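# Structural characterization, general
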Amino acid sequence: MNDKVNKPQNRREQIDQIVVTAQQMREIEGRIFKAGMPVAALMEKVALRIAARIQSLYPLSNRMKVGVLVGPGHNGGDALVVARELHFQGYEVLIYRPLSKIKELTSYHSDYAASLGIPFYDEIEPFQECDLIIDGLFGFGLERDISGNIGNEIALLNEWAQPIISIDLPSGIHTDTGAVLGTAIRATRTLCLGLWKLAFLQDRGLEYIGDAELIDFDIPLTDIWAILGKPVAIARMTKAAALNCLPLHRNLLTHKYKQGHLLLICGSKRYSGAAILSGLGARASGVGMLSIAIPESLKPLLVNHLPDALIIGCAETPSGAIADLPDTVDLSNYTAIASGPGLTVDAKLVVQSVFGAECPLILDADALNILAQLRTIPTLLRRREATVLTPHVGEFKRLFPDSAELLPDRISAVRKASQLSKAIILLKGAKTAIADAGESLWLIPESTPALARGGSGDILTGLMGGLIAQPIKQQESLAKIVATAAWWHAQAGILAAKERSELGVDPLTLSQYLIRVLLALLN
Ligand SMILES: NC(=O)C1=CN([C@@H]2O[C@H](COP(=O)(O)OP(=O)(O)OC[C@H]3O[C@@H](n4cnc5c(N)ncnc54)[C@H](O)[C@@H]3O)[C@@H](O)[C@H]2O)[C@@H](O)CC1
Ligand SMILES: Nc1ncnc2c1ncn2[C@@H]1O[C@H](COP(=O)(O)OP(=O)(O)O)[C@@H](O)[C@H]1O
Ligand SMILES: [K+]
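The structure reproduced in this document is the subject of the present report. Keep in mind it's a predicted model, so treat the numbers as computed, not measured.

Cut-offs and rules
- Residues numbered from 1 in each chain as written.
- Chains lettered and ligands numbered in written order.
- Predicted model: local features only at pLDDT ≥ 70, side-chain atom pairs only at ≥ 80, totals over all residues.
- Heavy atoms only, no water.
- Phe/Tyr/Trp six-rings, centres within 6.5 Å; stacked < 30°, edge-to-face > 60°.
- Buried < 20%, exposed > 50% of the residue type's maximum accessible area, 1.4 Å probe, protein only.
- Lys NZ or Arg CZ within 6 Å of the ring centre and 35° of its normal.
- Helix = DSSP H or I, 4+ residues; strand = E, 2+ residues; numbered from the N terminus.
- Pairing = 2+ DSSP bridges.
- Contact = heavy atoms within 4.5 Å.
- Axes fitted to C-alpha atoms, helices over the stretch in contact; angles between N-to-C directions.
- Donors = N, O, S within 2.8 Å, 3.2 Å for Na, K, Ca; no water.
- Tetrahedral: all angles 85-135°; square planar, octahedral: opposite > 155°, others 65-115°.
- Polar contact = N/O pair within 3.5 Å; in protein donor to acceptor, adjacent residues only side chain to side chain.

A separate point is the packing of aromatic side chains. All told, the structure shown has 4 aromatic pairs when counted by the stated rule. Aromatic side chains Tyr 121 and Phe 127 sit 5.7 Å apart centroid to centroid with 85° between the ring planes, which places their arrangement in the edge-to-face category. A residue is classified by how much of its surface remains accessible, and Phe 127, at 0% relative accessible area, is buried. Centre to centre, the rings of Phe 396 and Phe 400 are 5.5 Å apart; their planes meet at 45°, and the pair counts as tilted. For the pair formed by Phe 396 and Phe 400, the shared burial category is buried. Among the aromatic residues, those joined into a cluster by ring pairs are Tyr 96, Tyr 121 and Phe 127. Above the ring of Tyr 208, the side-chain terminus of Arg 186 is found at 4.5 Å from the ring centroid.

In terms of burial, strand 7 (residues 189–193) is largely enclosed, as 5 of its 5 residues are buried. Burial along strand 7 is two-sided: the face carrying Arg 189, Leu 191 and Leu 193 and the face carrying Thr 190 and Cys 192 are both buried. Of the pairings in the sheet, the one linking strand 6 (residues 164–167) to strand 7 comprises 3 bridges and is parallel in character. Pairing of Ser 166 across the sheet is with Thr 190, part of strand 7. Note that strand 7 and strand 9 (residues 211–215) share 5 bridges and pair parallel. Residue pairing in the sheet places Leu 193 in a bridge with Ile 215 of strand 9.

A separate point is the sheet that holds strand 4 (residues 120–121). Taken in spatial order, the 7 strands of this open sheet run 4-3-2-5-6-7-9, and their pairing is parallel. Looking at the sheet topology across the chains shown, the edges are occupied by strand 4 and strand 9. Against the sheet, helix 4 (residues 39–57) touches strand 5 (132–136), strand 6, strand 7 and strand 9, its axis set at about 155° to strand 7. Along the sheet, helix 5 (residues 74–89) contacts strand 2 (65–70), strand 3 (92–96), strand 4, strand 5, strand 6 and strand 7; its crossing angle with strand 2, the most-contacted strand, is approximately 160°.

As a further point, take the coordination of the potassium ion (ligand 3). Tetrahedral coordination by four donors puts the ideal angle at the metal at 109.5 degrees, and octahedral coordination by six puts it at 90 or 180 degrees. Around the potassium ion (ligand 3), the protein contributes the donor atoms Asn 75 (OD1), Asp 135 (O), Phe 138 (O), Ile 167 (O), Leu 169 (O) and Ser 171 (OG), which lie 2.6 to 3.1 Å from the metal centre. Considering all 6 donor atoms around the potassium ion (ligand 3), the spread of angles at the metal, 67 to 173°, places the coordination shape in the irregular class. Sequence spacing among the residues donating to the potassium ion (ligand 3) works out to N-x59-D-x2-F-x28-I-x1-L-x1-S. Pair noted here: Phe 138 is in the loop between strand 5 and helix 7 (148–158) and Ser 171 is in the loop between strand 6 and strand 7, with a separation of 33 residues, a long-range link. Take Phe 138 and Ser 171: they sit in the same class, and that class is buried.

Within the fold, Ala 497 resides in helix 19 (residues 478–500). For Ala 497, a relative accessible area of 14% gives the class buried. Aside from chain neighbours lying at most four places away, what touches Ala 497 is Thr 448, Ala 450, Glu 502 and Val 505.

Tracing the chain through its elements places Ser 403 in the loop between helix 16 (393–399) and helix 17 (410–421). Under the relative-accessibility criterion, Ser 403 is labelled buried at 1%. In terms of polar contacts, Ser 403 uses its side chain to reach the backbone amide nitrogen of Ala 417, at 3.5 Å. Ignoring anything within four residues of it in the chain, the contact list for Ser 403 reads Phe 396, Ala 413, Lys 416, Ala 417 and Leu 420.

Encoded structure:
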């Protein structure tokens, strides 16, 4: 079983971890062309794979009318090759080509398609009859807003019911930020070509991208590393990447204190459930020892739910928040501390008291609000050990008002905040992003809106604390372990949603699916 964990990654596993900007994609392609690959040959190869995929998704039935939207660049060129192939396979094809000034290679394909008798149109109206639309208007070459008539025609097209497959990117979506440039195609599915573009990992463009899949066209890994460096600065957290950071196999001679000791500081009279949920998340991590500091009056409740945890009753403020940790607590006993869920901002003293701890510190929820009151950046810069912050966008804005100006470009915003504060920051969302002070950036590519539910973040805090507390392979960075926790959490959500529907993923259920994610990996 250990062999499974240590096995070298195959090409597809490596490709799946890579994310590029438009500029990087251009440079990588540039190397391929410079090495001798003809541009036309590459276009043919890519487009044949796209055509094959489209045929498997939409097999030819008696009547299948396909509308192909063709832009002025090589995205349009790809679309024309697809149009030609589908025509030869017996699909009824029509082409919308709104711009007459087009690149040379694209114009050759355009001439040939026309010579075959495929009809061309410069208005969208006739395409309402189509069973399927293929969007090859713009790919990663789109630099300015789509304007004028094309914009209006896209808006009209978006109101129709037939499926739309976008080639490379939905036309109108910015390759790096996911922003809508004027108007954009709302695709049912997008076939991303060669390497994942950044837009697929930004929340903003997701509603336009639809289902996303990668069409590999054998870009040599050496050309990728030559442009991106190795290890890459921005990576997608996939199963293959997570494998090394999960505590799947224990040392035979281990004992409980060797498996990490997490201190969770959470809960208040007002929010007692948050303490339970964080505790359940931590328990699922398999951490050797779990201590939970909570207001004294919650002790019976916590013992009831987590009999395995060491419950530390703390003095309470008049509002029922933790006033301070008891003198008997020695912070040097823990391998990680996680604080925040359910604390309320009245627990200011206790949050302040853990800043001096010499182990990784994870701050979430109210601990983040308290941090913002204490002045985020100077406070974090005084920390000697690593700090991990797990804000959602609202908390992020309170913590880092200056970096938040970069929103909705979440990736740039989280990276800047991390550089300024030297903390590892996990910005929650549909595509959660984890930045490590400019060192690395991890993105969680798969998740489910089923997780958008009060309390699911509390599970994540406990799980992450428990994972960080454990002895993970030394060469793995803390940011990668944080990203692994987020991956694990998201996978549990996906699995639970599959079996119980998106409404069936309450946080308690979510905590029970965490272990099933590991079981699936082991089997
Ligand atoms: N070389 C090849 O054959 C390959 C082609 N690929 C395809 O090529 C695409 C990139 O091709 P290009 O660099 O030609 O770029 P695009 O086809 O994405 O579009 C750029 C073209 O649109 C024009 N343009 C940009 N913004 C506009 C606007 N707002 N209104 C009107 N015109 C505008 C530009 O002047 C340029 O002619 C990829 O997305 C992909 O589909 C690659 O993925 C694979 C290899
Ligand atoms: N639309 C979505 N798609 C996928 N995951 C989501 C979505 N919305 C929220 N999440 C995830 O759900 C969790 C919510 O956490 P948080 O906002 O802290 O909630 P709470 O504090 O109530 O527990 C985060 O892990 C976040 O990434
Ligand atoms: K496109």
